[in-house]
Amino acid sequence: MSLHPKPRDSAASRTADPLELSARVIASGGADEPTNRVTNTLTEIDDRIAIVESFSHMVSFSTDAGLVCFDASGAMSGAAVAEALRGWSKEPIDSLVYTHGHMDHVGGSGAVAADAEAHGHRPPRVVGHANVPVRLQRYEDTNGYNIAINARQFGGVSRRLNLGSLGAGVDRFVAPDTLWPDVTYDDHLTVSVAGTDFVLHHDKGETDDHTWAWVPKHRALCVGDFVTWVFPNAGNPQKVQRYPLEWARALRRMQAFEAELLLPAHGLPVRGQAEVNLILGDLASALEGLVDATLELMNAGESLDTIIQAVEVSEELLSKPWLQPVYDEPEFVVRNIWRLYGGWWDLNPAKLKSASDAAYAAEIVGLAGGEEQVIRRAQELAEAGDFRLACELIELATSAEPESVAAHGARAEIYMARRHAERSLMSKGIYAAASRESTAIVENAGS
């Protein structure tokens, strides 16, 4: 199955109704058009429920006392999302609930506040888990680091995905007009608005500040990033700890509600108890399998390297349109499980207090007969498709000779080839960044 199904002839010919599309994808087990859509268009998916598909979505409920909205999308899309919302309802937003504090969920809140002011409404009450402000403060404390991560993580994204620049060129990771929560909670909180209850639950998963909600009046689950229509983002190599087992347990708890509507913050909404529980169950099974297999080998005394080579998710699961590893991938999740339960040391004694990369590289390159030999072998391996070993060797060459135009020219080509061969956005972004880095060194040397 293609990881990037060919879209229909044009965007105009794609399925407008996200529920119609999800029903077809689930029934067939395959996707003939994108399932993560960034269109900034609103669809009313049920009586008094609407979703604006963006990066991330805004899910809105209309009550007799105003709107209750889940997430505000990001800073670049917030104004477009607010505009789409106003095409559906002119009611004030009573409450804005953050499913978690990632910037693609809270960064658009400034636009939501500006919309309220423009319409003469009071600012919405902002509700989130107690760790959301802790996260936002951490982002402030690591501003430069997070800007660099974002640029690298999304630097390999195809323009056709319509994700914009994702903050390229900004000097503040947290937009200055971002709304911080007015109301926080620890475990559970029921937000009641004009007779409609929104029962908020906290569970760890992609983050430690995640909220999911049960809306009994509509038999709906608002699940944020617990469901994203890609393999769970439980292993991101550039971000803080993720919690795959807790994530799976949250999904199992959601199944118990026998919901009729599943409303994620990325990907497609889903209607029908069987369909909702299928999605939740598949995601939980994939995470449970990775945790069980990794812990079994850890308990047997195996090293991280051995475990990474041994633990996999079945192709049957990975082939499903809601589980394909086109953002995060299982290998990264295994590393996060190791970090969570075992710390950072991988059981290789040489790496406990290792030599510097430069010193080690110089020694190995010297033993191999020089830079040219190592570059040539790296290129041969890349041409044969062995990118793992090719990249190891080209890193030795550039670490040993940091100013070498020959080494960096080969490095740029090898990493760009690997970027095209990879499945996940995270891998693509990191490899594309490495290629750009070496390309810049080569170009500067020639100027």
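You'll find the structure just up there.
Quick look at the structure, then. (Residues numbered from 1 in each chain as written. Predicted model: local features only at pLDDT ≥ 70, side-chain atom pairs only at ≥ 80, totals over all residues. Heavy atoms only, no water.)

1. Topic: the sheet that holds strand E2 (residues 49-53)
Then, in step 1: Ordered by their spatial adjacency, 7 strands build an open sheet running E1-E2-E3-E4-E5-E6-E7, and the pairing between neighbours is mixed. The open sheet has two free edges, formed respectively by strand E1 (41-46) and strand E7 (183-185), since each of these has just one partner strand. Taking each pair of neighbouring strands and ignoring which way they run, the sheet shows an average axis angle of 20 degrees.
Then, in step 2: By the bridge criterion, 5 bridges tie E1 to E2 in an arrangement that is antiparallel. Along E2, the bridge assignment pairs Asp 46 with Ile 49. (Pairing = 2+ DSSP bridges. Helix = DSSP H or I, 4+ residues; strand = E, 2+ residues; numbered from the N terminus. Axes fitted to C-alpha atoms, helices over the stretch in contact; angles between N-to-C directions.)

2. A closer look at the packing of aromatic side chains
Then, in step 1: Under the counting rule described, the total for this entry stands at 11 aromatic pairs.
Then, in step 2: Geometrically, the ring pair formed by Phe 226 and Trp 247 is edge-to-face, given 6.1 Å between the ring centres and 85 degrees between the ring planes. Residue Phe 226 is located in the loop between strand E11 (220-224) and helix H7 (244-255), and its partner Trp 247 is located in helix H7; the two are separated by 21 residues in the primary sequence.
Then, in step 3: We classify Phe 226 as buried; its relative accessible area is 1%.
Then, in step 4: Overall, the relative accessible area of 1% leaves Trp 247 in the buried class.
Then, in step 5: Centre to centre, the rings of Trp 229 and Trp 322 are 5.9 Å apart; their planes meet at 80 degrees, and the pair counts as edge-to-face. (Phe/Tyr/Trp six-rings, centres within 6.5 Å; stacked < 30°, edge-to-face > 60°. Buried < 20%, exposed > 50% of the residue type's maximum accessible area, 1.4 Å probe, protein only.)

3. Focus: the packing of helix H13 (residues 371-383) against helix H15 (residues 405-421)
Then, in step 1: Taken N-terminus to C-terminus, the directions of H13 and H15 make an angle of 10 degrees; their axes are 10 Å apart at the nearest point. The angle between H13 and H15 places the two elements in the roughly parallel class. Here Glu 371, Ile 375, Ala 378, Gln 379 and Ala 382 of H13 lie close against H15, whose contacting residues are Ala 406, Ala 407, Ala 410 and Ile 414.
Then, in step 2: Taken together, the residues of the contact of H13 with H15 break down into 7 nonpolar, 1 polar and 1 charged. (Parallel < 35°, antiparallel > 145°, perpendicular 65-115°, else oblique. Contact = heavy atoms within 4.5 Å. Nonpolar A, V, L, I, M, F, W, Y, C, P; charged D, E, K, R; others polar.)

4. Overview of the side chain of Ser 424
Then, in step 1: Among the secondary structure elements, Ser 424 is positioned in the loop between H15 and helix H16 (425-446).
Then, in step 2: A polar contact of 2.5 Å, which involves the side chain of Ser 424, links it to the side chain of Glu 329.
Then, in step 3: Only 3.1 Å separates the side chain of Ser 424 from the side chain of Ser 427, close enough to count as a polar contact.
Then, in step 4: Beyond its immediate sequence surroundings of up to four residues, Ser 424 is in contact with Pro 325, Val 326, Tyr 327, Asp 328, Glu 329 and Phe 332. (Polar contact = N/O pair within 3.5 Å; in protein donor to acceptor, adjacent residues only side chain to side chain.)

5. Notes on the pairing of strand E3 (residues 58-63)
Then, in step 1: Across the 6 residues of E3, 6 count as buried, placing the element largely inside the fold.
Then, in step 2: Neither face of E3 is exposed, since Met 58, Ser 60 and Ser 62 on one face and Val 59, Phe 61 and Thr 63 on the opposite face are all buried.
Then, in step 3: Hairpin connection of E2 to E3: 4 residues between the antiparallel strands.
Then, in step 4: Note: E3 against strand E4 (residues 66-70), 5 bridges, orientation antiparallel. Paired with Ser 62 across the bridge in E4 is Leu 67.
Then, in step 5: Two successive antiparallel strands, E3 and E4, enclose a turn made up of 2 residues.

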